[in-house]
Amino acid sequence: MHERIDDSPSAPPDTAAVPIAHGGNLHEAAARYRIPYPQWLDLSTGINPHGYPVPPVPADVWRRLPDEGDGFAARAALYYGAPDAAHVLPVAGSQAAIRALPALLPRATVGIAPLTYGEYAPAFARAGHEVAPLEVQRDTLPATLTHVAIVNPNNPTATRLDASRLLRWHAQLRTRGGTLLVDEAFADTLPDASLAASTHRDGLIVLRSPGKFFGLAGVRAGFVLAAPALLTTLRESLGAWTVSGPARHAVSAALADTAWQVRMRARLADESARLIELLRSYGFVTHGTPLFAWTDDARAAALHEALAQRGVWTRLFARSLAASSDSVRVGLPGTEAEWRRFEQRLQEAMRAIDAAPTD
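All figures in this text were calculated on a predicted structure; none of them were measured in a lab.

A. Local environment of the side chain of threonine 189. Considering the arrangement of structural elements, one finds threonine 189 in the loop between β6 (179-183) and β7 (204-208). At a separation of 3.4 Å, a polar atom in the side chain of threonine 189 contacts the main-chain carbonyl oxygen of phenylalanine 186. Apart from the residues lying within four places of it in its own chain, the contact partners of threonine 189 are Phe213, Arg265, Leu268 and Pro290.

B. Inspection of the nonpolar core at higher detail. In terms of nonpolar packing, the biggest core is built from 72 residues, with Val148, Ile150, Trp169, Leu180, Phe214, Phe223 and Phe342 touching the most fellow members. In this view, valine 148 contacts Val110, Gly111, Leu134, Leu141, Trp169, Leu173, Thr179, Leu180 and Leu181; residues no more than four positions away in its chain are not counted. Of all hydrophobic cores here, the second largest spans 23 residues; its members include Ala121, Phe124, Ala149 and Leu207.

C. Structural context of the packing of helix α3 (residues 72-80) against helix α8 (residues 245-256). Two elements in contact, α3 and α8, have axes whose closest approach is 10 Å; the angle formed by their N-to-C orientations is 30°. Comparing their axes, α8 and α3 come out roughly parallel. Every pair of crossing elements has a handedness; the one defined by α3 and α8 is left-handed. Residues Phe72, Arg75, Ala76, Tyr79 and Tyr80 of α3 pack against Arg248, Val251, Ser252 and Leu255 of α8. Looking at the contact of α3 with α8, its residues break down into six nonpolar, one polar and two charged.

D. How the structure looks around the sheet that holds strand β5 (residues 147-151). A sheet is described by the order of its strands in space; here seven strands give the open sequence β2-β8-β7-β6-β5-β3-β4, paired in mixed fashion. With partners counted over all chains shown, the strands left at the sheet margins are β2 (88-91) and β4 (130-133), one partner each. Adjacent strand axes in the sheet meet at a mean angle of 20° when their direction is disregarded. Bridge analysis of β2 against strand β8 (residues 222-225) gives four bridges, and the strand direction is antiparallel. Residue pairing for β8: proline 90 is matched across the bridge by phenylalanine 223. On the sheet, helix α6 (residues 163-174) packs against β5, β6 and β7 and is oriented at approximately 150° with respect to β6.

E. Spatial organisation of the side chain of histidine 50. Relative to the helices and strands, histidine 50 is located in the loop between β1 (41-42) and α2 (59-63). A distance of 2.8 Å separates polar atoms of two side chains, one belonging to histidine 50 and the other to glutamate 271. Residues contacting histidine 50, with those up to four places away along its chain left out, are Trp260, Met264, Arg267, Leu268, Glu271, Pro333 and Gly334.

F. Looking closely at unusual backbone geometry. Residues asparagine 152 and proline 153 are joined by a peptide bond in cis, for which omega reads -5°. As for its position among the elements, proline 153 is in the loop between β5 and α6. In this structure, proline 156 follows asparagine 155 across a cis peptide bond, with omega equal to 20°. Its identity as a non-glycine residue notwithstanding, alanine 158 has a phi of 70°, on the positive side. Within the secondary structure, alanine 158 is located in the loop between β5 and α6. Judged by relative accessible area, alanine 158 falls into the buried class, the value being 13%.

G. Representation of the pairing of β6. β6 sits mainly inside the fold: five of its five residues count as buried. As paired elements, β5 and β6 share five bridges and run parallel to each other. What sits directly across from alanine 149, in β6, is leucine 181. Considered for its hand, the β-α-β crossover made up of β5, α6 and β6 is right-handed. Sheet topology places β6 next to β7; four bridges connect them, and they run parallel. In the sheet register, leucine 180 faces β7, and the bridge partner there is leucine 204.

H. Summary view of the sheet that holds strand β9 (residues 287-289). On the basis of which strands lie adjacent, the open sheet formed by four strands has the order β9-β10-β13-β12 and antiparallel pairing. Two strands close off the open sheet at either side, each with one partner strand: β9 and β12 (315-317). Going across the sheet, the axis of each strand differs from the next one's by a mean of 20°, ignoring polarity. Note: strand β10 (residues 292-295) against strand β13 (residues 327-331), four bridges, orientation antiparallel. Residue pairing across strands places alanine 293 opposite valine 330, the latter belonging to β13. Sheet strands touched by helix α10 (residues 300-308): β10, β12 and β13. Its angle to β13, the strand with the most contacts, is close to 45°.

I. How the structure looks around the pattern of salt bridges. For the structure shown, the criterion picks out 15 salt bridges. With its nearest N and O atoms 2.8 Å apart, the salt bridge here joins aspartate 70 to arginine 248. You can see aspartate 70 sitting in the loop between α2 and α3 and its partner arginine 248 sitting in helix α8, a full 178 residues away along the chain. Across the pair glutamate 343 and arginine 274 runs a salt bridge whose closest N-O atoms are separated by 3.2 Å. Pair noted here: glutamate 343 is in helix α11 (residues 336-355) and arginine 274 is in helix α9 (residues 258-280), with a separation of 69 residues, a long-range link. In this structure arginine 274 comes out as partly exposed when scored by relative accessible area, which is 30%. Salt bridges here are not isolated pairs; linked through shared partners, they connect Asp139, Arg165 and Arg168.

What counts, and at which threshold
- Residues numbered from 1 in each chain as written.
- Predicted model: local features only at pLDDT ≥ 70, side-chain atom pairs only at ≥ 80, totals over all residues.
- Heavy atoms only, no water.
- Helix = DSSP H or I, 4+ residues; strand = E, 2+ residues; numbered from the N terminus.
- Polar contact = N/O pair within 3.5 Å; in protein donor to acceptor, adjacent residues only side chain to side chain.
- Contact = heavy atoms within 4.5 Å.
- Core = buried A, V, L, I, M, F, W, Y, C linked by side-chain atoms within 4.5 Å.
- Buried < 20%, exposed > 50% of the residue type's maximum accessible area, 1.4 Å probe, protein only.
- Axes fitted to C-alpha atoms, helices over the stretch in contact; angles between N-to-C directions.
- Parallel < 35°, antiparallel > 145°, perpendicular 65-115°, else oblique.
- Left-handed = near helix turned anticlockwise from the far one by under 90°.
- Nonpolar A, V, L, I, M, F, W, Y, C, P; charged D, E, K, R; others polar.
- Pairing = 2+ DSSP bridges.
- Right-handed = clockwise from strand over helix to strand, strands pointing away.
- Salt bridge = Lys/Arg side-chain N within 4 Å of Asp/Glu carboxyl O.

The following block contains the structure:
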């Protein structure tokens, strides 16, 4: 079996220098399994395969420097439900904020879920914070925690926390001079879960990204929603022109197109239900958001391997200190032909798994 990729976000601080694996690493898969790149079906990310149809970029957008007076932050505030444009800072993808924000917070102990987006623990560790595992189902946070970084809904487990619970956490952390950071990269399909409207509160930071729901990961744009004072400090840290003119053009169009958003939410709900039902038909206990399905079934690693041998790339989360079992995340096929191909390859993979000798 091939070497597993470990995505252990709550590992000790000395792992901050270890490279972090992400989905979408299709060239690595092609080299490892010796299957030509064009022959792969990539289901390793939670990015919408039906990306927003970006209108042509006007020629002057390429010539001019990005203009902060273009209303970009205001459009984002309206779409996400933030108090106003002063509470929104556009950034070069939420990844830029994840790297920069820990250094702006008082050094302390930060709670992070054992299995979540892998960039958070190393970012906080590099900034001198102590990382501690977070039990996400508790109402009262341990007194040892000053900050909490949470992905809601979580990637990859799809765990979703109610806004009321998160606001209780925020209140507890504020009494300690702490901060609640909520990454809502997958919240576009579940808008009721968002804390965007509450970002006038000191010590509450919300990250949003058009990359997942709108399928615009390549533009590298994102937004930090928080109190203006924090955003001013973050802006000074990141510098000028963090989001390019073409990216602003593309994302502005997507945020304003409410008709497309309504249609896409309905489509993704139907397709995610189809994906979950397909996996459950083979006995996998599966959880998901409208953009991906996840299972920690005992056969998860074998499923990932068997599919990879057949040119279907999924995202493996290997058993580690952060995760008691292997698990796998599966994204949505983009066309009916891809669905048929995935169904066939999945059937073949399950036959191989069932026929394999067991220890």
